[in-house]
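Below, each chain spelled out in residue letters.
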Amino acid sequence: MLAITRVITRRIHGTSDVTFPKLSGFSIVSPKHVEVEYADGSKFKFSSEFLRIHSPAADGKVRSIGGEKVISGRRYVGIMSAEPVGNYGVRLVFDDLHRTGIYPWDYFYELGSNKFSLMRKYIKTLQKHNLSREPPPRKR
């Protein structure tokens with residue numbers, strides 16, 4: 001478990017300061033799930049697919065379609081490891097070899113607070129562009 005002893009403050013959308021509760025726990029439950037707990041009692045469980053498609057890093061496997069960031073075929077992606085980055089976050093290493101995203105603790109809180117609407121939006125975007133959460137068939 002990683003612990004943070006300070007409150008993380010971040011500017012969101014350049015309009016106001018938002019204070020996030022202190023992190024009280026972080027764990028990889030399985031290669032497919034991460035749990036993040038905060039001092040205010042909030043507890044979020046994320047699938048590895050959800051975290052992969054919401055990576056805060058630029059990625060060569062991302063399609064830009066009509067200005068939208070679209071990552072498809074990540075339904076079965078797993079997390080190989082988590083590497084602490086200072087006091088503010090963690091780098092997740094996925095089994096599709098994506099490792100450039102550093103997830104700040106406040107970003108997990110934002111994702112958790114909006115998880116269902118973000119996932120709905122993702123699925124609608126895939127449908128709009130005739131893409132799938134399923135990985136493409138392997139070439140022989």
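Each value, and the rule that gives it
Residues numbered from 1 in each chain as written. Predicted model: local features only at pLDDT ≥ 70, side-chain atom pairs only at ≥ 80, totals over all residues. Heavy atoms only, no water. Helix = DSSP H or I, 4+ residues; strand = E, 2+ residues; numbered from the N terminus. Buried < 20%, exposed > 50% of the residue type's maximum accessible area, 1.4 Å probe, protein only. pLDDT = per-residue confidence, 0-100. Pairing = 2+ DSSP bridges.

The name given to the protein chain in an unreviewed UniProt entry is Gamma-butyrobetaine hydroxylase-like N-terminal domain-containing protein, with the source organism recorded as Cardamine amara subsp. amara.

Peer 1: Account for unusual backbone geometry, naming residues and giving values.
Peer 2: Backbone geometry at L97 places phi at a positive 75°, although glycine is not the residue there. Along the chain, the position of L97 falls in the loop between strand 9 (89–94) and strand 10 (102–104). Assessed through its relative accessible area of 66%, L97 is described here as exposed. At N130, a residue that is not glycine, the phi angle is positive and equals roughly 55°. Structurally, N130 is set in the segment after helix 3 (115–128).

Peer 1: An account of the confidence of the model for the protein chain is needed here, citing residue identities and associated values.
Peer 2: Summary statistics for the protein chain give a mean pLDDT of 82 and a share of 80% for residues scoring 70 or more. When the elements of the protein chain are averaged for pLDDT, strand 1 (residues 8–12) gives the smallest value, 31, and strand 5 (residues 43–47) the largest, 97.

Peer 1: Account for the pairing of strand 8 (residues 79–85), naming residues and giving values.
Peer 2: The sheet contact formed by strand 8 and strand 9 spans six bridges and is antiparallel. Bridge pairing in strand 9 links A82 to L92. What sits between strand 8 and strand 9 in their antiparallel hairpin is a turn of three residues, with G86 showing a positive phi close to 55°.

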